[in-house]
Structures are given as structure tokens and as C-alpha cells.
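Survey of secondary and tertiary structure
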Amino acid sequence: DVKVTQSSRYLVKRTGEKVFLECVQDMDHENMFWYRQDPGLGLRLIYFSYDVKMKEKGDIPEGYSVSREKKERFSLILESASTNQTSMYLCASSFRGVTGELFFGEGSRLTVL
Amino acid sequence: RKEVEQDPGPFNVPEGATVAFNCTYSNSASQSFFWYRQDCRKEPKLLMSVYSSGNEDGRFTAQLNRASQYISLLIRDSKLSDSATYLCVVSDSWGKLQFGAGTQVVVTP
């Protein structure tokens with residue numbers, strides 16, 4: 001079974017804090033993604049990566065950065081958290097060239113006060 | 001305008017009944033189509049792909065109408081365990097996925 005593990009299920013941070021969200025997958029997937037999910041807006045792509053040390057901006061990259069130093073690990077970084085970044089963050093992975101089937105982690109619910 | 005639009009629901013369905021709902025997409029160049037299921041407080045999971053000719057997977061039937069740019073999902077003989085949010089997902093020619101906000105289905109005893 002594919003497993004995508006996100007480091008924290010729930011986080012509470014203060015405005016201006018640096019936040020790290022970590023994601024690890026165990027299926028040797030090339031592609032990894034970070035989404036945020038907000039009520040009424042669906043999942044929106046923040047960043048994605050098709051290979052180690054490679055990253056591409058998604059639809060809403062502002063205020064975020066990512067790191068992919070190893071194939072299995074994809075980190076999302078909020079350099080200076082703001083209240084409008086309160087959201088559910090979902091990491092996903094897939095094989096290269098395979099569209100449609102993403103395997104998601106359980107999500108990290110971040111609250112920024 | 002959102003690229004993928006869904007009726008948020010909820011669709012309240014008696015157990016054993018049939019429910020159907022649609023999803024519209026704005027990009028006529030969209031290539032691939034999918035339905036995902038998301039249970040409350042859980043991650044989304046692929047339910048089924050949607051093929052041009054329509055396809056079934058057990059009690060679930062998906063249809064694609066390219067001319068009118070919508071896809072549909074029909075659930076027959078609804079079970080309590082079908083209660084979930086169903087996400088419509090559309091892929092462009094580059095493989096980029098666009099997610100709808102979801103349609104909530106509540107199956108009642």
C-alpha cells in the first residue's frame with residue numbers, strides 16, 4: 001500500500017513564525033505536490049516537484065517555498081506565517097507520467113493566530 | 001470563473017436510492033477526467049477515471065459530455081458508507097490537475 005506521511009496533523013502557530021511541513025512517501029514516486037484545501041475553494045496547488053532538487057510553482061505559491069533534497073521527501077515552508085495561511089495542507093505523490101492518480105497524505109491542519 | 005465547478009450539496013439520499021450529480025469544466029482542451037472521494041476529515045482518494053464512452057465500477061457510473069463540458073457521477077443503491085464529498089478533477093494536456101470544491105452526499109437510513 002502506498003503511504004504518504006505528513007509530519008504533523010495539527011499545528012498552531014503565531015503570525016510571523018516560520019513553519020515547516022514535511023511529507024514522506026514510500027513508493028518511489030517521482031512526482032510530489034503540495035496543495036491547500038479551503039471550504040468552497042477546493043484543492044489549490046501550491047508547489048510541485050518532478051524530481052529531486054526540482055520545484056515548480058503551482059497556482060498559489062506566494063508566501064510559500066519548498067525543498068526536495070531526497071526523492072521521498074518534500075517539505076513545504078512558510079517563511080513568515082500569516083493568518084490567511086490558516087488551512088488544511090495536503091501532500092500528494094504519483095509516478096512520473098501518470099496523470100490523475102495522486103496518493104495523498106492525511107493532511108496537516110495549520111492554524112495561524 | 002472557476003475552472004471546475006460543482007454543486008456543493010448536500011445531496012440527502014435515502015439508503016438504497018440513486019443519486020446523480022454533475023461537474024462542469026471551463027477548459028475545452030481538458031484531456032482527462034476523474035472522480036475522487038473524500039471522507040470527512042480524511043484525504044481524497046481516487047474513485048474512478050471517466051472515459052469518453054462512459055464507464056461503470058460496481059454501483060458507480062461516470063459519464064463525460066465533451067460538447068457541454070460536464071462530467072457526471074451516478075451512485076445506485078446508495079449505502080450509508082457512500083456518504084462523502086465527491087471531488088471532480090480535470091486534467092489539461094500538460095497533466096496539470098484542477099480540483100472542484102466537491103459535492104457532499106449524505107446517505108440516510
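Preceding block: the structure.
Quick caveat, the model's predicted, so the values are computed rather than measured.

Description of the interface of chain A and chain B
Between chain A and chain B, the contact holds 16 residues from the first and 19 residues from the second. Each partner contributes to the roughly 1,400 Å² buried at the junction of chain A and chain B, and carbon and sulfur atoms together form 53% of this total. A per-residue breakdown of the area chain A buries against chain B is headed by A:Thr99, A:Gly100 and A:Phe104, which together make up 30% of the total. One can count one salt bridge joining chain A with chain B. Two residues, B:Lys96 and A:Asp59, come together in a salt bridge whose shortest N-O distance is 2.4 Å. At the junction of chain A with chain B, the criterion picks out three residue pairs in polar contact (both at pLDDT 80 or more). Among the elements of the structure, β4 (31-38) and β5 (42-49) of chain A are those that each provide at least two residues to the side of chain A that touches chain B.

What to know about the side chain of A:Ser108
Residues and elements named next belong to chain A. Looking at where Ser 108 falls in the secondary structure, it is placed in strand β11 (residues 108-112). From its side chain, Ser 108 meets the backbone oxygen of Ser 8 in a polar contact 2.5 Å long. In this view, Ser 108 contacts Gln 6, Ser 8, Arg 9, Leu 11, Leu 21, Ser 87, Met 88 and Tyr 89; residues no more than four positions away in its chain are not counted.

Quick look at the layout of surface pockets
Its volume calculated, the largest pocket comes out at about 680 Å³. Elements with a contribution of two residues or more to the lining of the largest pocket: β4 and β9 (87-94) of chain A together with β9 (84-91) and β11 (103-108) of chain B. It is β11(B) that provides the largest number of residues to the lining of the largest pocket, a total of four residues. Here the lining of the largest pocket is composed, by residue class, of twelve nonpolar, eleven polar and six charged.

Examining the packing of aromatic side chains
Geometry of an aromatic ring pair is reported as the spacing of the ring centres plus the angle between the planes. Residue and element names in this part refer to chain A. Tallied over the full model, the rule gives 13 aromatic pairs over all chains. For the pair Tyr 35 and Phe 104, a centre-to-centre distance of 5.9 Å together with 50° between the ring planes defines the contact as tilted. Remark: Phe 104 occurs in strand β10 (residues 103-104) and Tyr 35 occurs in strand β4; sequence separation between them is 69 residues. There is no split in this pair, since Tyr 35 and Phe 104 are both buried. Arranged with centres 5.0 Å apart and planes meeting at 55°, the rings of Phe 48 and Tyr 50 form a pair that is tilted.

Observations regarding the environment of B:Glu15
Residues and elements named next belong to chain B. As for its position among the elements, Glu 15 is in the loop between β2 (11-14) and β3 (19-25). With a relative accessible area of 44%, Glu 15 lands in the partly exposed category. Distance from Glu 15 to Ser 81, taken between C-alpha atoms, is 9.7 Å for residues 66 residues apart in sequence. Ignoring anything within four residues of it in the chain, the contact list for Glu 15 reads Ser 78, Leu 80, Val 107, Thr 108 and Pro 109.

Describing the sheet that holds strand β6 (residues 55-57) of chain B
Residues and elements named next belong to chain B. Spatially, the five strands line up as an open sheet ordered β1-β3-β8-β7-β6, and their pairing is antiparallel. Across the chains shown, the open sheet's two edge strands, defined by having one partner strand only, are β1 (4-6) and β6. Across this sheet, the average inter-strand angle for adjacent strands is 20°, counted without regard to direction. Direction of pairing for β1 relative to β3: antiparallel, over a ladder of three bridges. Within β3, the residue paired with Val 4 across the bridge is Tyr 25.

Points about the pattern of salt bridges
All names here are of chain A. On inspection of all chains with the given rule, the structure shows 14 salt bridges over all chains. The residue Arg 9 makes a salt bridge to Glu 106 at a minimum N-O spacing of 3.4 Å. Taken as a pair, Arg 9 in the loop between β1 (4-6) and β2 (10-13) and Glu 106 in the loop between β10 and β11 lie far apart in primary sequence, 97 residues in all. On the basis of relative accessibility, which here comes to 32%, the residue Arg 9 falls in the partly exposed class. The residue Arg 36 makes a salt bridge to Asp 38 at a minimum N-O spacing of 2.8 Å. By relative accessible area, Arg 36 is classed as buried at 8%.

Definitions and cut-offs
- Residues numbered from 1 in each chain as written.
- Chains lettered and ligands numbered in written order.
- Predicted model: local features only at pLDDT ≥ 70, side-chain atom pairs only at ≥ 80, totals over all residues.
- Heavy atoms only, no water.
- Contact = heavy atoms within 4.5 Å.
- Buried area = accessible area lost by both parts, 1.4 Å probe.
- Salt bridge = Lys/Arg side-chain N within 4 Å of Asp/Glu carboxyl O.
- Polar contact = N/O pair within 3.5 Å; in protein donor to acceptor, adjacent residues only side chain to side chain.
- Helix = DSSP H or I, 4+ residues; strand = E, 2+ residues; numbered from the N terminus.
- 1 Å grid on protein atoms, 1.4 Å probe; cavity = no way out; pocket = protein on both sides within 12 Å on 5 of 7 lines; lining within 4 Å.
- Points joined across faces, edges and corners; volume = space filled by probe spheres on them.
- Nonpolar A, V, L, I, M, F, W, Y, C, P; charged D, E, K, R; others polar.
- Phe/Tyr/Trp six-rings, centres within 6.5 Å; stacked < 30°, edge-to-face > 60°.
- Buried < 20%, exposed > 50% of the residue type's maximum accessible area, 1.4 Å probe, protein only.
- Pairing = 2+ DSSP bridges.
- Axes fitted to C-alpha atoms, helices over the stretch in contact; angles between N-to-C directions.

That's the geometry; what it means functionally is another story.
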